[in-house]
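In case you want the letters, here they are:
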2 protein chains.
Amino acid sequence: MFGCLVAGRLVQTDMQQVDLTHFVFNIENADAVNHIVVFLTGTMPFPEGMGGAIHFSWPSPEGVAWQFLGYITNEKPSAIFKISGLKKGNISANNPFMQATQPGQQMNTVSQIGIAVEPTAQIAQQIPAKNTQTSNVSNFTEFTTKMLENFYNFASSFGITQAQMTPQPDVSWVPLTVLDKWYETFKRKMSQDVNFWKS
Amino acid sequence: MFGCLVAGRLVQTDMQQVDLTHFVFNIENADAVNHIVVFLTGTMPFPEGMGGAIHFSWPSPEGVAWQFLGYITNEKPSAIFKISGLKKGNISANNPFMQATQPGQQMNTVSQIGIAVEPTAQIAQQIPAKNTQTSNVSNFTEFTTKMLENFYNFASSFGITQAQMTPQPDVSWVPLTVLDKWYETFKRKMSQDVNFWKS
């Protein structure tokens, strides 16, 4: 029913059924993994009103740490997740996979993709872990905004008026307002073509 | 032998064999497509020394425009490509799929993924179209570098020494060297944690 593909590796259909509504794929050497694709093979759809919540786990000495990545449904039967940005060791006791794991069960030493078949309404309330969505415009825009804020704050702390300057004949000075001008132009260009900066 | 998956859609195994070494998948409504995954299903490997060069085509009034995306091999049996950044209308006469298309053949009105089975040495000489690789550290680093270069050039053009300043009591001035300082710190932080900027 489900397929799992780590970019660069062979596609996996070796899922294991943990219980009635929970399935897992083992992911070897997950530290080297960047993107994972999870998809319906097409052999069997979800029951009506149900979808698959996708989780990822890092093994850790304290136990298995599951994180919610996103979902697939009959209407959206495949999705790509970026796991290279996932932090390790955030054990979430409320995670359905934590509850499905039997106490005293052998700790996993390998990472896993977990698929929980649940009502879509329930899935809609879950929030994906940070840094798991594939890149898009808003990532670059968010990155630029944060970086420029950071730079603006840093540069402002060095900003002085002419009255405060000591003689420094070799120093080139720039008005702080130049940053605002540049940022306005940048925003305009991004709204016209998000890839303008590559040329 | 090959599978093709558009993120968000059902996986496709409906490839058509154009000739002995060329295969295509039709991609409907490609304008709405962000990422495409191309992979070996595992039923049959490539012959030794051979791999699959992956191309993408936009239909256009002048004919089909093919662009090289990348490749898969037995050692790297899957890959994800971002096609949302591909420009349309770059007809490349040297593209193997152009040569495989019969003169006078019905123009395609749908986009296609093309797989050309070729010696890996030949594939290694092809250069992927811009903006087709999934995001990773180097994308952000490249983006930052280009943006900061652009900003540095812009800011420098406003840089003047004290000797050149007219009285402007309300203006805050920043030494141009402040940008260098900030950029050094930024590079160091990125090398320690590529996602530091998100927090």
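These numbers come from a predicted model, not from an experiment.

Draft legend 1. Molecular detail of the overall build of chain A. Broken down by element type, chain A carries four helices and nine strands. Each helix and strand of chain A, placed in order from N terminus to C terminus, yields the pattern β-β-β-β-β-β-β-α-β-α-α-β-α. Of all 199 residues assigned to chain A, the portion counted as buried reaches 46%. Taking all contacts inside chain A whose residues are at least 6 apart in sequence as the whole, residues at least 24 apart take part in 70%.

Draft legend 2. Local environment of the sheet that holds strand E3 (residues 22-27) of chain A. Residues and elements named next belong to chain A. Taking strand neighbours across the sheet as the criterion, the five strands line up as E2-E3-E8-E5-E6 in an open arrangement whose pairing is antiparallel. Only two strands of the sheet have a single neighbouring strand rather than two, namely strand E2 (16-19) and strand E6 (65-72). Neighbour-to-neighbour, the strand axes of this sheet turn through a mean angle of 30°, independent of strand direction. Relative to strand E8 (residues 111-119), E3 is paired through six bridges, and the arrangement is antiparallel. Looking across to E8, one finds that Val 24 is bridged to Gly 114.

Draft legend 3. Region of the structure containing the relation of the copies chain A and chain B. Rotating chain A by 180° and translating it 0.1 Å along the rotation axis places it on chain B, where the RMSD comes to 0.8 Å. In symmetry terms, the pair is related by a two-fold rotation axis. Considering only C-alpha atoms, the part of chain A nearest the rotation axis is Val 174 of chain A, at 2.6 Å. Mapped onto chain B, 98% of the interface residues of chain A are again interface residues, and the two copies thus contact each other with one and the same surface.

Draft legend 4. Seen up close, the sheet that holds strand E4 (residues 35-40) of chain B. All names here are of chain B. A sheet is described by the order of its strands in space; here three strands give the open sequence E1-E4-E7, paired in antiparallel fashion. For this open sheet the edge positions go to strand E1 (2-6) and strand E7 (78-82), each flanked by a neighbour on one side alone. With strand direction ignored, the average angle separating the axes of adjacent strands in the sheet is 15°.

Draft legend 5. Examining unusual backbone geometry more closely. Residue and element names in this part refer to chain A. Within the chain, Asn 29 stands out as a residue other than glycine whose phi angle is a positive 50°. With respect to the helices and strands, Asn 29 occurs in the loop between E3 and strand E4 (35-40). Its relative accessible area of 52% is what places Asn 29 among the exposed residues.

Draft legend 6. Seen up close, the interface of chain A and chain B. With 63 residues of chain A at the contact, the number on the chain B side is 65 residues. For the pair chain A and chain B, the summed buried area comes to about 5800 Å², and 65% of that belongs to carbon and sulfur atoms. Applying the counting criterion to the chain A and chain B interface returns zero salt bridges. At the junction of chain A with chain B, the criterion picks out 17 residue pairs in polar contact (both at pLDDT 80 or more). Broken down by secondary-structure element, the contributors of at least two residues to the side of chain A that touches chain B are strand E1 (2-6), E4, strand E7 (78-82), helix H3 (137-156), strand E9 (173-175) and helix H4 (177-192) of chain A. Considering every element that reaches the side of chain A that touches chain B, the biggest residue donor is H3 of chain A, with 11 residues. Of the residues assigned to the side of chain A that touches chain B, the class counts are 32 nonpolar, 21 polar and 10 charged.

Draft legend 7. The arrangement of the nonpolar core in detail. Among the nonpolar cores identified, the biggest contains 28 residues, and Phe 143, Phe 151, Trp 182 and Phe 186 of chain A together with Phe 151, Trp 182 and Phe 186 of chain B are the most heavily contacted of them. For this core, the secondary structure elements donating two or more residues are H3 and H4 of chain A together with helix H3 (137-156) and helix H4 (177-192) of chain B. The contacts of Trp 182 of chain B, once residues within four sequence positions are left out, are Met 147, Asn 150, Phe 151 and Phe 154 of chain A together with Leu 148 of chain B.

Draft legend 8. The packing of aromatic side chains, seen in detail. Residues and elements named next belong to chain A. Throughout the structure, instances matching the rule amount to nine aromatic pairs over all chains. An angle of 50° between the planes, with centres 5.7 Å apart, marks the rings of Phe 2 and Phe 46 as tilted. Taken together, the positions of Phe 2 in strand E1 and Phe 46 in the loop between E4 and strand E5 (50-58) put the pair 44 residues apart, joining distant regions of the chain. Here Phe 2 matches Phe 46 in class, with each residue buried. Cluster of aromatic residues (ring-pair linked, three or more members): Phe 2, Phe 23 and Phe 46. Across the ring face of Tyr 71, the terminal group of Lys 76 is positioned such that the distance to the ring centre comes to 4.3 Å.

Draft legend 9. Expanded view of the environment of Leu 179 of chain B. Looking at the element boundaries, Leu 179 of chain B is found in helix H4. For Leu 179 of chain B and Leu 148 of chain B, which are 31 residues apart along the polypeptide, the C-alpha to C-alpha distance reads 8.6 Å. Ignoring sequence-local partners within four residues, the contact set of Leu 179 of chain B consists of Phe 151 of chain A together with Leu 148, Phe 151 and Tyr 152 of chain B.

Draft legend 10. How the structure looks around the side chain of Gln 12 of chain B. Residue and element names in this part refer to chain B. Assignment of secondary structure puts Gln 12 in the loop between E1 and strand E2 (16-19). Classification of Gln 12 by relative accessible area gives buried; the value is 15%. Within the local environment of Gln 12, its side chain forms a polar contact with the side chain of Asp 14, the two groups lying 3.2 Å apart. Beyond its immediate stretch of four places on either side in the chain, Gln 12 contacts Gly 3, Cys 4, Val 6, Phe 25, Asn 26 and Ile 27.

Calculation notes
- Residues numbered from 1 in each chain as written.
- Chains lettered and ligands numbered in written order.
- Predicted model: local features only at pLDDT ≥ 70, side-chain atom pairs only at ≥ 80, totals over all residues.
- Heavy atoms only, no water.
- Helix = DSSP H or I, 4+ residues; strand = E, 2+ residues; numbered from the N terminus.
- Buried < 20%, exposed > 50% of the residue type's maximum accessible area, 1.4 Å probe, protein only.
- Contact = heavy atoms within 4.5 Å.
- Pairing = 2+ DSSP bridges.
- Axes fitted to C-alpha atoms, helices over the stretch in contact; angles between N-to-C directions.
- Least-squares fit on C-alpha atoms with pLDDT ≥ 70 in both.
- Buried area = accessible area lost by both parts, 1.4 Å probe.
- Salt bridge = Lys/Arg side-chain N within 4 Å of Asp/Glu carboxyl O.
- Polar contact = N/O pair within 3.5 Å; in protein donor to acceptor, adjacent residues only side chain to side chain.
- Nonpolar A, V, L, I, M, F, W, Y, C, P; charged D, E, K, R; others polar.
- Core = buried A, V, L, I, M, F, W, Y, C linked by side-chain atoms within 4.5 Å.
- Phe/Tyr/Trp six-rings, centres within 6.5 Å; stacked < 30°, edge-to-face > 60°.
- Lys NZ or Arg CZ within 6 Å of the ring centre and 35° of its normal.

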